[in-house]
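Residue strings, one per chain:
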Amino acid sequence: MLFNSGEFLIFLTVVWVLHWWIVPRSERWQNALLLAASLVFYALSDLQFLALLLASSLINHALALHLVRLPEGRARSTWFWLGVSFNLGLLIYFKYANFFVEAMAQMFASMGLASGGFVLAVLLPLGISFYTFQMLGYLINVQHEEIDPCKNRLNFLTYVFFFPKILAGPIERAQHFLPQIEVPRVLDPELISDGLRQILWGLFAKVVIADELGPYIDTVFGAPDAHGSGTILGAVMLYIVQIYCDFSGYSNIALGVAKLFGIRLVINFAYPLFAVDISDFWRKWHVSLTSWMIDHVFTPLSFILRDMGKRGLVIAISVTFFCVGIWHGANWTYVVFGILQSIYFIPLAVGAGIGRASVNSSTALLPAPGRALRMLGMFVLMSFTFALLRAGSLGSMANIYQSMVINFPLNSGKQWSTMPLARDLILYIIVLLCVEWIQRGKEHGLVWERLRVPKLVRFAVYLVIAQLVIWKSGMGNNFIYFQF
Amino acid sequence: MSVGRLVLNAFYFCLLLLVFNLVSIAITRSLLLRTDLTFPTGTNTLVLGDSQVEWAVNDSLIPRTVNLAQGGEAYLYSYAKAKHFFEANPDLDTLWLSFNYMALDHVQDTLTRSDRYIKFKLPFNFFLLDATDACIFLGLPKAYITLAQTPFIRWGFIRKAVRGPTNYKDLNFGGYSGTTEQKLKKDLSVRANEQKLGTTRPPEFGAARDQVEYLQRTIDLCRANGVTCILLNTPVHPVAQKGSDTTAYYAYIQQHFPDQPFFDHSSWQFPDSCFRDAVHLNAHGATRYTTRLEKLRSKGWPTLDRQGRTPEERDNAVQQQ
Amino acid sequence: MIMQREELISRIRTSVSNVLGHGNFEMRDDLTATDVEGWDSLTHMSIITGLEKEFGVKFKLKEINKLKNMGSLIELIGSKLP
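Our subject in this report is the structure included herewith.

Criteria and cut-off values
Residues numbered from 1 in each chain as written. Chains lettered and ligands numbered in written order. Predicted model: local features only at pLDDT ≥ 70, side-chain atom pairs only at ≥ 80, totals over all residues. Heavy atoms only, no water. Helix = DSSP H or I, 4+ residues; strand = E, 2+ residues; numbered from the N terminus. Rg over C-alpha atoms; globule rule 2.2 N^0.38 Å. Buried < 20%, exposed > 50% of the residue type's maximum accessible area, 1.4 Å probe, protein only. Contact = heavy atoms within 4.5 Å. Areas by Shrake-Rupley, 256 points an atom, 1.4 Å probe, with all protein chains shown as cover. Lys, Arg positive; Asp, Glu negative; His and termini not counted. Charge placed at Lys NZ, Arg CZ, Asp CG, Glu CD. Pairing = 2+ DSSP bridges. Axes fitted to C-alpha atoms, helices over the stretch in contact; angles between N-to-C directions. Salt bridge = Lys/Arg side-chain N within 4 Å of Asp/Glu carboxyl O. Buried area = accessible area lost by both parts, 1.4 Å probe. Core = buried A, V, L, I, M, F, W, Y, C linked by side-chain atoms within 4.5 Å.

## A short note on the overall build of chain A
Turning to step 1, where the next piece is worked out: A tally of helices and strands in chain A yields 19 helices and 0 strands.
Turning to step 2, where the next piece is worked out: Compactness check: chain A gives a C-alpha radius of gyration of 23 Å against a globular reference of 23 Å for 484 residues, within 12% of the reference.
Turning to step 3, where the next piece is worked out: By the burial criterion, 55% of the 484 residues in chain A qualify as buried.
Turning to step 4, where the next piece is worked out: Put simply, 78% of the contacts in chain A that link residues at least 6 apart link residues at least 24 apart.
Turning to step 5, where the next piece is worked out: With an accessible surface of roughly 20,200 Å², chain A has 68% of that area assigned to carbon and sulfur atoms.
Turning to step 6, where the next piece is worked out: Charged side chains in chain A number 33 positive and 26 negative. The centres of these two groups are separated by 5 Å.

Here's what the structure looks like:
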């Protein structure tokens, strides 16, 4: 069920009314309702894997409780690693089995050996990357005594299944989420109003911009040979805008929907398109994944290797971003994506740049020229890198870059721009960037604090956005990050 | 902010949104209904139906005929079009209506009720529907969203209609479109594969409720307006014919339309070069087919054999052999 | 020799400043990494290593992960000193 569908609107309204007006005002009833709604939501999205997710959640719940009963030592460590293996095993099987089988077959073929015709076609459960990491993180936190295990099975299942985040995150920490559902929620009109505005902003980014960009970018990436350099360059630069609007839009909707139930999820995007360097970028892009990787991959690794100095730091960064890359999926493009990110970090890690990663604390309307240049540089660098996530293969990516050069007007006689972008879409992108720049210190684009905007104008803004969303809805695509 | 204030704000918001959308839909409908639906003088034949007829009848080659068929058109929309065009064009005396091997197969009700076809068809045809017809969409959320999107989708037409008069060609809801695409080889290969794997689903001809209802209504409408309704089965590739449950098809016609004029041209022998795919003619095939239709029409529709030959043509062919 | 708290805080401050390249922060118990410019995951381990060298101690990962603020870091180092 997509967030931007009529069915979801009906579903959400029904659950919201039941949550605040019908069920008794206790956390037990509220959580039971949220869990039931979440199970229905997941079943409607991916019924065949509901049982798997339920089983996995119950196993993790029981395992965490078992871990704390054991004293520190070999037995506890063994159970912990069994749990990690179970979760990672599931993820590896569903996400990477096909890739490994195909890679092995290709390897055998290149050696002149038959692969026996073995073909694997494993279906990917929706949201597996997100909820597996969530449960892994939970187990790790329990093992390291950072949190107590959740004894209440209802609460734990509500945490795992909570429908706004089950399919595409954010990857929520138990220590952040569970305390919120262990007490009865009280209807907070301000929070709900903020949630509605956040949903609207998310829909604007996702439906009005990301979905409209989709067909344009698909056409160019699908046949780069047929397009002029300008169009190919435009598509490459716009892909990061598309994926940002798609994913941040989805995250804003998820956060907004959660607020309707009195629950705050972690912020997943903090305006990364305005980042000034690589460290700044990854502090702002897909924050829940980056912070998970930092806490559970980078920090332990850099701790173990701390005596190796800068070399240890580089190794830890490389492994972390390799994991970030392959988290996205089983393709060499994701591997290269991860490797490139760690290469970008090396100057920062080994050079004078370390420790100087800028904090975006300036509230000036216009950025300083130096800062603006750095932002532009980062944007261009990341555009070219993120295009890897869109290209189906390394060969395809190479073809795109090659076409960008070969199809230059002077070489090829092709026009610079063979497929202009719709003017209204350019306008929406500019509006989004301007609003988010002005609002960069706030959670989302429609927070009115410290802005002297009359109520009537605010209302008009909501109406315009809502109408645009209605007009553009269903014209485009699914959420990009569903595939991850 | 109090809960009451929040609920009130949300209510005003939804109300304003609803009013804006209703007004814009109403304005769009009114502009569409103002369209001049009259055909060129002398037009007496209207062609309606789905893509098989849309691509097969080139109305620029056949006088006094207008083709307004469109790919994926449900009989609901053919009926609605017929109603309005009969009213605007009293000289119409013949309707050629597509009636192919899949016309009443149960899967064809998706043409009326599925989200996909609501999205593609409703913005272009909604203004033709009266209240009874529109009731089909009452329980379908997609219809409401699509209607709300209609002013945006038809923005080009609205701009034109506001500046000056519009005619039926501005409605963009059908008409001959000759195709030069070559998909026959691929289509035949897919069909052969399905046959081999046994994945071809046996059709259920006559099970499409909406299609059956609106086909009957169209026939009744023609009768009431003194229009001859001819059911037309355009030429298809022999492979497609073999793969269709023609027994159920002809049995249905025998049972339900024994007296209905029915031109079954499905077995006409056209070379592969005339087909876009196994069930559609390409531009070259359309030229050949339309020219043939006009010839037969000028001779008063003589009786033909299965290959589309008149008795004289059949005798000549036998003699030549 | 039991180190005085003031001396401990001063030496921690110096060690952290050496890694970050500035001393633009106030040493208080509720200070966290987000309050200090440049103190992020990249510099965190360098700071930890610097402190280990400065005080001749070795931390466990579990101990590092449980640190909430400067106050808990001061306590942790203090607990490891003779």
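## A word on the sheet that holds strand β1 (residues 45-48) of chain B
Residue and element names in this part refer to chain B.
Turning to step 1, where the next piece is worked out: Spatially, β2-β1-β3-β4-β5 is the arrangement adopted by the 5 strands of the open sheet, whose pairing is parallel. Every other strand in the sheet has two partners, leaving β2 (65-67) and β5 (262-264) as the edge strands with one partner each. Taken over all neighbouring pairs, the strand axes of this sheet differ in orientation by 20 degrees on average, direction set aside.
Turning to step 2, where the next piece is worked out: Summarising the sheet, strand β3 (residues 94-98) and strand β4 (residues 228-233) pair through 5 bridges and their orientation is parallel. If you follow L97 over to β4, its bridge partner there is L231.
Turning to step 3, where the next piece is worked out: The sheet strands contacting helix α3 (residues 75-88) are β1 and β3, and the helix crosses β1 at an angle near 160 degrees.

## Re the arrangement of the chains
Turning to step 1, where the next piece is worked out: If you rank the 2 pairs of chains in contact by how many contacts each has, first place goes to chains A and C.
Turning to step 2, where the next piece is worked out: At no point do chain B and chain C touch; the closest pair of C-alpha atoms across them sits 32 Å apart.

## Considerations on the pattern of salt bridges
Turning to step 1, where the next piece is worked out: The final tally for this structure, using the stated rule, is 43 salt bridges over all chains.
Turning to step 2, where the next piece is worked out: The residue R191 of chain B makes a salt bridge to D187 of chain B at a minimum N-O spacing of 3.1 Å. One end of the pair is R191 of chain B and the other is D187 of chain B, both in helix α9 (residues 184-197) and 4 residues apart, which spans about a single turn.
Turning to step 3, where the next piece is worked out: Owing to a relative accessible area of 17%, D187 of chain B belongs among the buried residues under this scheme.
Turning to step 4, where the next piece is worked out: With its nearest N and O atoms 2.4 Å apart, the salt bridge here joins D277 of chain B to R276 of chain B. There is no split in this pair, since D277 of chain B and R276 of chain B are both buried.
Turning to step 5, where the next piece is worked out: Put simply, E72, R76 and E145 of chain A together with K62 and K66 of chain C are held in one network by salt bridges that share partners.

## A closer look at the interface of chain C and chain A
Turning to step 1, where the next piece is worked out: Between chain C and chain A, the residue contacts involve 20 residues of the former and 25 residues of the latter.
Turning to step 2, where the next piece is worked out: Contact between chain C and chain A buries roughly 1,900 Å² in total, counting both sides, with carbon and sulfur atoms accounting for 59%.
Turning to step 3, where the next piece is worked out: Together, L42, M45 and K62 of chain C form the three largest contributors to the area buried by chain C at its contact with chain A, with a combined 33%.
Turning to step 4, where the next piece is worked out: Joining chain C to chain A, the criterion identifies 6 salt bridges.
Turning to step 5, where the next piece is worked out: Of the charged contacts, one joins K62 of chain C and E145 of chain A as a salt bridge, the two residues approaching to 3.9 Å between their closest N and O atoms.
Turning to step 6, where the next piece is worked out: For the side of chain C that touches chain A, the secondary structure elements donating two or more residues are α1 (5-20), α2 (41-55) and α3 (61-65) of chain C.
Turning to step 7, where the next piece is worked out: Among the elements that take part in the side of chain C that touches chain A, α2 of chain C stands out by supplying 6 residues, more than any other.

## Brief notes about the environment of R423 of chain A
Residue and element names in this part refer to chain A.
Turning to step 1, where the next piece is worked out: Following the sequence through the fold, R423 ends up in helix α18 (residues 423-438).
Turning to step 2, where the next piece is worked out: For R423, a relative accessible area of 75% puts it in the exposed group.
Turning to step 3, where the next piece is worked out: For the pair formed by R423 and R76, sequence separation is 347 residues and the distance between their alpha carbons is 61 Å.

## Observations regarding the environment of L31 of chain C
Turning to step 1, where the next piece is worked out: Mapped onto the elements of the fold, L31 of chain C is located in the loop between α1 and α2.
Turning to step 2, where the next piece is worked out: For L31 of chain C, the contacting residues outside a window of four places in its chain are F25, E26, V36, N69 and M70 of chain C.

## A closer look at the nonpolar core
Turning to step 1, where the next piece is worked out: Of all hydrophobic cores here, the largest spans 148 residues; its most connected members are F163, I240 and W282 of chain A.
Turning to step 2, where the next piece is worked out: With 18 residues, the top contributor of residues to this core is helix α10 (residues 229-260) of chain A.
Turning to step 3, where the next piece is worked out: The contact partners of W282 of chain A, leaving out residues within four places of it in the chain, are T290, F321, V324, F337, Q341, F345 and M382 of chain A.
Turning to step 4, where the next piece is worked out: Among the nonpolar cores identified, the runner-up in size contains 77 residues, and F85, A143, I219 and F270 of chain B belong to it.

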